[in-house]
Amino acid sequence: MLGGPLWGWMIGRIGAQRALYSALFVYALLGASGLLIDGSWALIAVRFLHGLAVAGVVTSTSALIGRLYQGTRREKVFGVQAAVGAGVALVGVLAAGALGSVGGWRAPFALYLVALVMLAAALAALRRLPTFVNEPLAADSEPRSFAVFAGHAPFYLMTLAMSVVMQMTGIQTGLVL
């Protein structure tokens, strides 16, 4: 919720490809930092910053899909993205549990290093894309008014409320039972 607008601004300045490269690198670095961090407050702070990197990956990939695909093809690609994301999340939880049982509580943080492989794949694959993807948006195409953002406030508030409800259900169910 906090990182999306920041990364949207960055995409407008440096392009979606460069934003994706940056976000993947920061995602891997901050995600794997749990291998080394000892203090709980430092770990919480790094996890917050890691969430901002996640927003960068999601926002930049969505921007790339939006620019590269149109109509039903775009809908299919977003559907595949959601399905693959859900599958990776499931496998990630299982892999983290297995790593944690073998290597201790720090071991699952090593899974975040896979993002470096994804970064290498993105560098190789996105280099062949049309150049318009790498170009920042024209200055006059960017809305400059807070009113544009505020006009969508009900949607953002509803999204925030739904994410809290969905997260709290999963977190609190174990305590209720």
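Numbers given for residues are sequential positions, taken from 1 along each chain in its written order. For this predicted model, a pLDDT threshold of at least 70 governs which residues receive local features, and a threshold of 80 or more governs which side-chain atom pairs are given and counted, while totals over whole chains, interfaces and linings are taken from all residues. Values shown for side chains rest on all heavy atoms present in the structure; no hydrogens or waters enter the calculation.

Each helix corresponds to a stretch of at least 4 residues labelled H or I by DSSP, and each strand to a stretch of at least 2 residues labelled E; elements are numbered beginning at the N terminus. A count of helices and strands for the chain gives 7 helices and 0 strands. Its helices and strands in sequence order give the chain the pattern α-α-α-α-α-α-α, from N to C terminus. Of all 177 residues assigned to the chain, the portion counted as buried reaches 23%. Considering only contacts within the chain whose residues lie at least 6 apart along the sequence, 76% involve residues at least 24 apart. For the accessible areas, the method is Shrake-Rupley and the probe is 1.4 Å, while residue cover comes only from the protein chains on display. Carbon together with sulfur atoms contributes 75% to the accessible area of the chain, which is approximately 11,600 Å² in total. Think of it in three bands: residues with accessible area under 20% of the maximum for their type are buried, residues over 50% are exposed, and the middle band is partly exposed, with areas taken using a 1.4 Å probe on protein chains only. For this analysis, residues touch if any pair of their heavy atoms sits within 4.5 Å.

Attention now moves to the side chain of Ser60. You can see Ser60 is positioned in helix H3 (residues 40-68). Given the relative accessible area of 0%, Ser60 is considered buried.

To continue, consider the nonpolar core. The set of buried Ala, Val, Leu, Ile, Met, Phe, Trp, Tyr and Cys residues whose side-chain atoms join them within 4.5 Å is what this entry labels a nonpolar core. Judged by nonpolar contacts, the single largest core of 16 residues is most densely connected at Leu20, Leu24, Ala122 and Leu126. Residue assignment for this core shows that the elements contributing at least two residues are helix H1 (3-14), helix H2 (16-32), H3 and helix H5 (114-126). Among residues more than four places away in sequence, those in contact with Leu126 are Gln17, Leu20, Tyr21 and Leu64. Listed in part, the 6 residues of the second largest apolar core include Ile37, Leu43, Val46 and Phe109.

H3 packs onto H1 with a crossing angle of 50° between their chain directions and a minimal axis gap of 8 Å. Here H3 runs oblique to H1, going by the angle between their axes. Seen along the crossing, H1 lies across H3 with a hand that is right-handed. Contacts from Gly3, Gly4, Trp7, Gly8 and Ile11 in H1 reach Leu52, Ala55, Gly56, Thr59, Ser60 and Ala63 in H3. When residues are grouped by polarity, Ala, Val, Leu, Ile, Met, Phe, Trp, Tyr, Cys and Pro land in nonpolar, Asp, Glu, Lys and Arg in charged, and all others, Gly among them, in polar. Along the lines of polarity and charge, the residues of the contact of H1 with H3 split into 5 nonpolar, 6 polar and no charged. Interaxial angles span 0 to 180 degrees and are taken between N-to-C directions of axes, which are lines fitted to C-alpha atoms, for helices over the stretch in contact. These descriptions rest on fixed angle ranges, namely under 35 degrees for roughly parallel, over 145 for roughly antiparallel, 65 to 115 for roughly perpendicular, and the rest for oblique. The handedness criterion is simple: a crossing whose near helix is rotated anticlockwise from the far helix by less than a right angle is left-handed, and one whose near helix is rotated clockwise is right-handed.

Pairs can form between side chains of opposite charge once their charged atoms are near each other. The term salt bridge refers to a pairing of a side-chain nitrogen on Lys or Arg with a carboxyl oxygen on Asp or Glu at a separation within 4 Å. Under the defined criterion, the tally for this structure stands at 1 salt bridge. When the shortest N-O distance is used, the salt bridge between Arg106 and Asp38 registers 2.2 Å. Taken as a pair, Arg106 in the loop between helix H4 (71-103) and H5 and Asp38 in the loop between H2 and H3 lie far apart in primary sequence, 68 residues in all. By relative accessible area, Asp38 is classed as exposed at 65%.

With that out of the way, let us pick up H4. By this rule the span expected of a helix is its residue count minus one, scaled by 1.5 Å. Its 33 residues give H4 an end-to-end C-alpha distance of 46 Å, which sits within 8% of 48 Å, the value for a rise of 1.5 Å per residue. Just downstream of H4 lies Gly104, where phi reads positive at about 90°.

Moving on, we come to the side chain of His50. Take His50: it is sitting in helix H3. Classification of His50 as buried rests on a relative accessible area of 4%. The residues touching His50, leaving out its near neighbours within four places in the chain, are Tyr27, Leu30, Gly31 and Tyr112.

Below, the discussion takes up the packing of H3 against H4. Here H3 crosses H4 at 155°, and the two axes come no closer than 9 Å. Considered as vectors, H3 and H4 are oriented roughly antiparallel to each other. Of the two elements, H3 crosses H4, and the hand of that crossing is right-handed. Note on element contacts: H4 touches H3 through Arg74, Val77, Phe78 and Gln81, opposite Thr61, Ser62, Ile65 and Gly66. A breakdown of the residues in the contact of H3 with H4 according to their chemical character gives 3 nonpolar, 4 polar and 1 charged.

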